[in-house]
Amino acid sequence: MKRTDGFDARRLRPRQHRSLGSRLGAAFGMLLIITGFLLLGAGAASFLDDIQAFANVPLEREAAITLMTLGAILLVLGAIVRNRVHRRLREPSGLSMSPRLNKRR
C-alpha cells in the first residue's frame, strides 16, 4: 500500500512566470522597438530629403546618419529584450525534477 502523506504533486509543476516584471520587460522591449523604428524612419526621411513632412526640421547628413544608427541599435536591442522575455514565458511545462532523479541506471 502506498503512503502519500505530505506528498503534493503541484509542487513538482513549474511556477508560472507571468509576473509583473515579465510584463514590464515585454512592454519595455516593445517601447524600444517602436522608438527605434521611429528614429530610423526620421533619420531615413531626413537623409533622403524627399519627404516634405520633415521640411521644417532640416538636419545635416551627420545628424541623419546618427539618428538612423541610434534607431537601428534601439530596434535590435528591443528585439533582443522582447525575445528573451518571451522565451522565458514559453518554457516547457514539464515536471521540475532533480537531474539526479532523471538519470537511468
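Everything discussed here concerns the structure shown above.
Residues numbered from 1 in each chain as written. Predicted model: local features only at pLDDT ≥ 70, side-chain atom pairs only at ≥ 80, totals over all residues. Heavy atoms only, no water.

Let's talk about the overall build of the chain
As a reminder of what qualifies: What counts as a helix is a DSSP run of H or I of at least four residues, what counts as a strand is a run of E of at least two, and both are numbered from the N terminus. A simple rule labels every residue: compare its accessible area, found with a 1.4 Å probe on the protein chains alone, to the largest value its type can have, and call it buried under 20%, exposed over 50%, or partly exposed in between. Pairs of residues are marked as contacts when any of their non-hydrogen atoms sit within 4.5 Å. Surface accessibility in these figures is a Shrake-Rupley result with a 1.4 Å probe; residues are shielded only by whichever protein chains are displayed.
When its secondary structure is counted, the chain shows 3 helices and 0 strands. The 105 residues of the chain split such that 14% are buried. Here the contacts in the chain between residues at least 6 apart in sequence split such that 82% fall between residues at least 24 apart. Accessible surface, the chain: about 9,200 Å² in total, of which carbon and sulfur atoms supply 60%.

Description of helix α1 (residues 20-48)
Filter applied, for reference: The span you would expect from a helix comes to 1.5 Å times its residue count less one.
End to end, α1 covers 42 Å across 29 residues, agreeing with the expected 42 Å (1.5 Å per residue, within 8%). Among the residues making up α1, those that are buried are Ser22, Gly25, Ala26, Gly29, Leu32, Gly36, Ala42, Gly43, Ala45 and Ser46. Buried residues belonging to α1 abut α2 (61-89). Phi turns positive, to about 60 degrees, at Asp49, one or two residues after α1.

A word on a nonpolar patch on the surface
Rules: What goes into a patch is any residue over 30% in relative accessible area without a salt bridge, connected to like charges within 9 Å or, for nonpolar side chains (Val, Leu, Ile, Met, Phe, Trp, Tyr), within 5 Å. Every case where a carboxyl oxygen of Asp or Glu lies within 4 Å of a side-chain nitrogen of Lys or Arg is listed as a salt bridge.
Taken together, Met30, Ile34, Phe37 and Leu38 make up a surface patch of nonpolar side chains, about 410 Å² in accessible area. Inspection of the secondary structure puts Phe37 in helix α1.

Concerning the environment of Leu67
Locating Leu67 in the fold gives a position in helix α2. For the pair Leu67 and Leu38, spaced 29 residues apart in sequence, the C-alpha separation works out to 9.5 Å.

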